[in-house]
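The lines below spell out each chain.
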Amino acid sequence: MAYKFNNIEREESSGDNLGYGYFNPNPRGSITGDCVKRAIVVATGKDYHELEVMMNRTKVKKSEPYNSKPNYENTIKLLGGTKIKMSVPKGTNRWHVTTIGKVMNKYPHVNYVLAVSKHLIGVRDKTIYDLYDDRPRDKGIYVMYIFGATAKEARDIQLACSKGNGAHEYEW
């Protein structure tokens, strides 16, 4: 079953600001330990249980849990995601949850998994879908995984994110 995100009550995004919608696809209602699956479900629309089975079958490090970085990165790659490291030049600001909307405006059809400190966030249609609203925490983004972008769009997004202008003016 694919998820219908347009049926979820949410605060709409506006301008450069991301919206927020409460989202918990876990069939057991668990609210801890599955941000990896939740974020990937948001970005891909894949069914939670199907994703869970896939992640357990495609582990690259069998001795580690599905949510270890090598294992979830392998799943993202298998699902067609593109990894963008958010390294920034020394002395410039890192992109944050509250500033990344500037980049997302250019390609609104692209979905994202944002890796912040000890958490993954799913973004679809410039809206964060998660158990809690990540915007007030304004965490720095270390890695971004994108879904639905062409190769050219992925290069544009990577170039935009490498400039480290997260909290400053940004022009395409």
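Residues numbered from 1 in each chain as written. Predicted model: local features only at pLDDT ≥ 70, side-chain atom pairs only at ≥ 80, totals over all residues. Heavy atoms only, no water.

This paragraph deals with the environment of K77. Relative to the elements of secondary structure, K77 occurs in helix α3 (residues 69-78). Sequence spacing of K77 and F147 is 70 residues, and the spatial spacing of their C-alpha atoms is 9.9 Å. (Helix = DSSP H or I, 4+ residues; strand = E, 2+ residues; numbered from the N terminus.)

Strand order in the open sheet formed by 7 strands is β1-β2-β6-β5-β4-β7-β3, with mixed pairing between adjacent strands. Of all the strands in the sheet, the pair left with one neighbour each is β1 (10-11) and β3 (82-85). Of the strand pairs in this sheet, strand β4 (residues 111-116) and strand β5 (residues 119-124) are connected by 5 bridges, and their pairing is antiparallel. Each residue of the ladder has a partner; that of V116, found in β5, is H119. (Pairing = 2+ DSSP bridges.)

Quick look at the packing of aromatic side chains now. By the definition in use, this model includes 2 aromatic pairs. Measuring from centroid to centroid gives 6.2 Å for F23 and Y129, while their planes differ by 75°, and the two rings are edge-to-face. Here Y129 lies in strand β6 (residues 127-130) and F23 lies in the loop between β2 (19-22) and α1 (35-44), a separation of 106 residues in the sequence. The exposure class of F23 is buried, given its relative accessible area of 6%. Accessibility expressed as a relative area gives 1% for Y129, which makes it buried. Note on Y72 and Y145: the rings are 6.2 Å apart at their centroids and 85° apart in plane angle, and the pair reads as edge-to-face. One end of the pair, Y72, is in helix α3; the other, Y145, is in strand β7 (residues 143-147), and 73 residues separate them in sequence. Of the two residues, Y72 and Y145, neither departs from the other in class, the shared state being buried. In this structure, K37 packs its charged tip against the face of Y66, placed 4.3 Å from the ring centre. (Phe/Tyr/Trp six-rings, centres within 6.5 Å; stacked < 30°, edge-to-face > 60°. Buried < 20%, exposed > 50% of the residue type's maximum accessible area, 1.4 Å probe, protein only. Lys NZ or Arg CZ within 6 Å of the ring centre and 35° of its normal.)

Time to look at the side chain of D130. Residue position: D130 is located in strand β6. Polar contacts involving the side chain of D130 include one to the side chain of H119, which spans 2.7 Å. With residues near it in sequence (within four places) discarded, D130 still touches Y20, G21, Y22, F23, R38, H119, L120 and I121. (Polar contact = N/O pair within 3.5 Å; in protein donor to acceptor, adjacent residues only side chain to side chain. Contact = heavy atoms within 4.5 Å.)

With that settled, the discussion passes to the pairing of β4. Where burial is concerned, most of β4 is hidden: 6 out of the 6 residues are buried. Burial along β4 is two-sided: the residues N111, V113 and A115 and Y112, L114 and V116 are all buried. Examined bridge by bridge, β4 and β7 share 5 bridges and lie antiparallel to one another. Paired with A115 across the strands is V143, a residue of β7. Counting the residues that bridge the hairpin from β4 to β5 gives 2 residues, and of these K118 lies at a positive phi of roughly 60°.

This part takes up helix α2 (residues 48-57). What sets the pattern is the α-helix's 3.6 residues per turn: residues three or four places apart point alike. Of all the positions in α2, only Y48, L51, E52, M54 and M55 are classed as buried. Along the axis of α2, the buried residues cluster in a sector spanning 165°; they form a single face. On its buried face, α2 is in contact with α1 and α3. (Arc of directions from axis to C-beta.)

Just distances and angles here, no functional claims.
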